[in-house]
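Working through the structure, step by step
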Amino acid sequence: HVQLVESGGDLVQVGGSLRLSCVASGNTVCITYMGWYRQAPGKEGELVARIRDGGRIEYADSVKGRFTISRDNAKNMVYLQMNSLKPDDTDTYYCYAKDDYCYGVDYWGKGTLVTVSS
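Calculation criteria
Residues numbered from 1 in each chain as written. Predicted model: local features only at pLDDT ≥ 70, side-chain atom pairs only at ≥ 80, totals over all residues. Heavy atoms only, no water. Helix = DSSP H or I, 4+ residues; strand = E, 2+ residues; numbered from the N terminus. Buried < 20%, exposed > 50% of the residue type's maximum accessible area, 1.4 Å probe, protein only. Pairing = 2+ DSSP bridges. Axes fitted to C-alpha atoms, helices over the stretch in contact; angles between N-to-C directions.

Moving on, we come to unusual backbone geometry. The phi torsion of most residues other than glycine is negative, and most of the peptide bonds are trans. The backbone of N76 shows a phi angle near 55°, a positive value even though the residue is not glycine. As for its position among the elements, N76 is in the loop between β7 (67-72) and β8 (77-82). One non-glycine residue with positive phi stands out, namely S84, at about 50°. Secondary-structure assignment places S84 in the loop between β8 and β9 (91-99). Given a relative accessible area of 41%, S84 falls into the partly exposed group.

In structure tokens form, the structure reads like this:
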């Protein structure tokens, strides 16, 4: 019912910054939360951050103070500004959307790779 396409992953040096973007299409009126999930081989998956349509924000402890999530409801987009990047931030980042209004399901993008070099 919802398609998510993320972009913005890149190779960046330690201490650098990246901004990830995600566009939702389909039944976007159903979406409450949008956010970001990350995972890499050998690492535990983690919900990095999410933001509700009304503005409520949650962050994982590992990124508090460094990452900022934002959302443009009119454009059906969510962003993740990542600053002070560390090697441990190296992951594939997946856009996430939660449908609480229509079907009660979660959606995931195909991922964008972030690599932080030391």
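This next bit is on the pairing of β7. The side chains of a regular strand alternate between the sheet's two faces. Residues F67, I69 and R71 point to one face of β7 and are all buried, whereas T68, S70 and D72, pointing to the other face, are not buried. Where β7 meets β8, six bridges bridge the pair, whose relative direction is antiparallel. The partner of F67 across the bridge, within β8, is M82. Connecting β7 to the next strand, β8, in antiparallel fashion are four residues, including N76 with a positive phi near 55°.

Let's shift gears to the sheet that holds β7. Pairing in this open sheet of four strands is antiparallel, and the strands run β1-β3-β8-β7 from one edge to the other. At either end of the open sheet lies a strand with only one pairing partner, and these are β1 (2-7) and β7. Recorded for the sheet is a direction-independent mean angle of 15° between the axes of neighbouring strands.

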